[in-house]
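Structural description and commentary
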Amino acid sequence: MASNRFLRSTFLRRLLICVTLWSHLSSGASGSYRRPNVVLILTDDLDVAIGGLNPLSKTKKLIGDAGISFTNAFVASPLCCPSRASILTGKYPHNHHVINNTLEGNCSSAAWQKSEEDHTFPALLRSYAGYQTFFAGKYLNQYGHAEAGGVEHVPPGWSYWVGLEKNSKYYNYTLSVNGKAQKHGAEYSKDYLTDVLANMSLDFLQYKSSYQPFFMMVSTPAPHSPWTAAPQYQDRYNSTKAPRDPNFNVHGKDKHWLIRQAKTPMTNSSVQFLDDAFRKRWRTLLSVDDLVEKLVKRLEVRGELDNTYIFFTSDNGYHTGQFSLPMDKRQLYEFDIRVPLMVRGPNIKPNQTSKMLVANVDLGPTILDIAGYNVNKTQMDGMSFLPVMEGKVNASSWRTDILVEYEGEGSNVSDPACPLLGPGVSECFPDCVCEDSYNNTYACVRTVASSANLQYCEFDDNEVFVEVYNMTADPFQLSNIAKTIDQEILEKMNHRLMMLQSCSGQSCRTPGVYDSRYRFDPRQMFTSHSWRLSKLRQKMK
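Note that the coordinates shown come from a computational prediction; the quantities given were computed from them, not determined experimentally.

**Looking at the packing of helix α8 (residues 193-207) against helix α10 (residues 268-301)**
- Where α8 contacts α10, the two axes come as close as 9 Å, and the packing angle between them is 10°. Comparing their axes, α10 and α8 come out roughly parallel. Residues T194, D195, L197, A198, S201, L202, L205 and Q206 of α8 pack against S287, V288, L291, K294, L295, R298 and L299 of α10.

**Focus on the state of the cysteines**
- The final tally for this structure, using the stated rule, is 5 disulfides.
- One disulfide bridge connects C81 with C107, the sulfur atoms lying 2.1 Å from each other. Across the S-S bond linking C81 and C107, the dihedral sits near 95°, which makes this disulfide right-handed. A residue pair is termed long-range when its members are at least 10 positions apart, and C81 in helix α3 (residues 80-89) and C107 in the loop between α4 (93-96) and α5 (110-115) qualify at 26 residues.

**Overview of unusual backbone geometry**
- In this model, A222 is joined to P223 through a cis peptide bond whose omega is -5°.
- For P223, the location among the structural elements is in the loop between β8 (214-219) and α9 (257-260).
- The peptide bond linking T264 to P265 adopts the cis configuration, its omega dihedral lying at -5°.
- Structurally, the position occupied by P265 is in the loop between α9 and α10.
- One non-glycine residue, H97, lies in the positive phi region at around 65°.
- Mapped onto the elements of the fold, H97 is located in the loop between α4 and α5.
- When its relative accessible area of 49% is taken as the criterion, H97 is described as partly exposed.

**Some words on the UniProt feature "domain: Sulfatase N-terminal" (unreviewed entry) in the chain**
- Those residues carrying the UniProt feature "domain: Sulfatase N-terminal" (unreviewed entry) are residues 36-373 in this numbering.
- Summarising residues 36-373: 31% helix, 17% strand, and an end-to-end C-alpha distance of 12 Å.

**Quick word on the packing of aromatic side chains**
- Considering all chains together, one arrives at 27 aromatic pairs under this definition.
- Taking the centre distance of 5.3 Å and the plane angle of 70° together, the rings of F121 and F215 count as edge-to-face. With a gap of 94 residues between them, F121 in helix α6 (residues 121-128) and F215 in strand β8 connect regions that are remote in the sequence. Each member of the pair, F121 as well as F215, is classed as buried.
- Each ring, one from F459 and one from F465, has its centre 6.2 Å from the other, and the planes form 65°; the classification is edge-to-face.

Reading guide: rules and limits
Residues numbered from 1 in each chain as written. Predicted model: local features only at pLDDT ≥ 70, side-chain atom pairs only at ≥ 80, totals over all residues. Heavy atoms only, no water. Axes fitted to C-alpha atoms, helices over the stretch in contact; angles between N-to-C directions. Helix = DSSP H or I, 4+ residues; strand = E, 2+ residues; numbered from the N terminus. Parallel < 35°, antiparallel > 145°, perpendicular 65-115°, else oblique. Contact = heavy atoms within 4.5 Å. Disulfide = S-S within 2.5 Å. Buried < 20%, exposed > 50% of the residue type's maximum accessible area, 1.4 Å probe, protein only. UniProt positions renumbered as here; feature names shortened; annotations may be inferred. Phe/Tyr/Trp six-rings, centres within 6.5 Å; stacked < 30°, edge-to-face > 60°.

Rendered as structure tokens:
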């Protein structure tokens, strides 16, 4: 324990020196107006569709009940690195070019660092809005890779940086503390990552400058695998099982081939495995709940809570047995693309629930708007939902659709354990059910309007496979209505999808199909994509 106190003392001294120096260097940036503080708590793989918020009772009380909860919050891509890149840049994946969790997929690559990191919203907060900024936790999956600068690389925009090397872990990991490697072992009292992030965050609040607003981003490993709970929570939820919703352990007979290849019914061993994983996920979240409580209480004790916005969300959803897929994310369905989003802060009335459509590309613009920075000066695709939180905009004038896009991954060689599957698949389980493939590449328009709650998706494969769901009549997405939906709606959605897939900045915020301001002109169909519409018409006949 003596060595632990020494490390903590050293940490505090270095933190104080770092933040104080930065405060003096940028003391003129913030002016006389004290902007609000902002805290963003980002979880890893936390669903909302299958009960992910259930263990987070304190979080729901301290953030959701104290502010606003969004029931239609979505991610731009249901995978960690592309989604996190969208949060940081405010851009859809086709504009930030992070397509998967690999270095080759541009995840924390040198190219990403060169093209995007200088323009993330934390960089703008620090450089132009006078904020002191703090990051702790998982950044991007390949952060710390030797080919991308190692842990010595500190992304621009952070006054203080505590970045996890690579992917989520709970023990035996390395942190980059302002570019210096700090290795951790497997002793709960000093190494359990969720608690380490909580303690470092509290230290920042204690020793930061009191003369400038701050932005803090805490990115927890939970509830990502390997699902290691804190010792005091390892016996919780022993009788809990994954929800048996209508889409649990059923065959996706009218869906893309990747979904159809899942074995239904699942074996008893597969169901037991996913139930066990479900319990473990919930147990890890109890430490996140503690983290939230500690941060909120510290802000309250310091007299800063009333001037602080606190956001709580996730990088993607998750599934456990839906359509007989064992467990993962990556799919186009609600359980993978819908995420929790709760916000409290100045001018946000408590106990609000909003059905208005928001996406993770909106987080950056919203936080910049809170800081008083003109979002129109950026190249961000998202839009600020601060007016929604403050009750200054109604549903009729808000956006009606967003884009979701994903680029599938596969192996060039067959899995020896599953030779019949051939090459091109990945994320395969022992019973040869695979969660991904090269042609699991799709783009969707997710629409939420007064007259429609719709999902329209196209796959980039040889058949241009289409999936369409009426989310009002079919919330569990059991029936693909692509072959029965009105042809005119189909063409309009196809056109809208192509527009969104090529959008940038302001053009990503144009009226959607179910917006009264929408105008459809078939003559403006993209000639480069005309083959898609032609194949679509043939397919639906």
